[in-house]
Amino acid sequence: MPNQNKIANPQSGQLPQVKGPQMNDRDYLNDCLATCKYLTDNFNVAVREASHQQLYDDMVQILNETHQSARDAFNLMFQKGWYKLEAAEQQQLQQAYQQFSGYSTQFPYH
């Protein structure tokens, strides 16, 4: 019986069954996505700490483009069945909601 909590498309069948040391399309896309995640994490820090307005504007544009590249890589991987998600159970969602809904009273402007 297949796992009902997995959200994924079927794999396209373009990849070899036995993986050798050479990189294939999935490897390249996975590397691209990992690099985009790394870059967005670090650009977020750089944008927050930019002291010059033009530098800030340029880095925000680069940050947005990098986020879009990550989204495009994710969408392509998901479309090809190379990226799987696990659906959360309703009870898990309710627990997370209850845990975090009380935090809003701690914000200075609520």
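Model, not experiment: these values are computed from the prediction. (Residues numbered from 1 in each chain as written. Predicted model: local features only at pLDDT ≥ 70, side-chain atom pairs only at ≥ 80, totals over all residues. Heavy atoms only, no water.)

*Asks:* Help me out: how do you make sense of the side chain of Thr40 in this one?
*Replies:* Considering the arrangement of structural elements, one finds Thr40 in helix H1 (residues 25–49). The class of Thr40 is buried, set by a relative accessible area of 7%. Apart from the residues within four sequence positions on either side, Thr40 is in contact with Leu63, Thr66 and His67. (Helix = DSSP H or I, 4+ residues; strand = E, 2+ residues; numbered from the N terminus. Buried < 20%, exposed > 50% of the residue type's maximum accessible area, 1.4 Å probe, protein only. Contact = heavy atoms within 4.5 Å.)

*Asks:* I tried to follow the packing of aromatic side chains on my own but got confused; where do I start?
*Replies:* In this description, a pair of aromatic rings is defined by centroid distance and the angle of the planes. Scanning the entire structure with this criterion turns up three aromatic pairs. Here the aromatic rings of Phe74 and Phe78 are separated by 5.9 Å at their centres, their planes lie at 20 degrees, and the arrangement is stacked. Of this pair, Phe74 and Phe78 both sit in helix H2 (residues 53–79), four residues apart, which is roughly one turn of the helix. Within the aromatic cluster, the residues linked to one another by ring pairs are Phe74, Phe78 and Tyr83. (Phe/Tyr/Trp six-rings, centres within 6.5 Å; stacked < 30°, edge-to-face > 60°.)

*Asks:* How should I be thinking about the nonpolar core in this particular structure?
*Replies:* Soluble globular proteins tend to bury their nonpolar side chains together. Counting residues in each nonpolar core, the largest one holds eight residues, listed as Leu29, Leu33, Cys36, Ala70, Ala73, Phe74, Met77 and Trp82. If you list the elements that add at least two residues to this core, you get H1 and H2. Sort the elements by how many residues they give to this core and H2 lands first, with four residues. Those residues in contact with Met77, other than ones at most four positions away along the chain, are Leu29, Asn30, Leu33, Trp82 and Tyr83. (Core = buried A, V, L, I, M, F, W, Y, C linked by side-chain atoms within 4.5 Å.)

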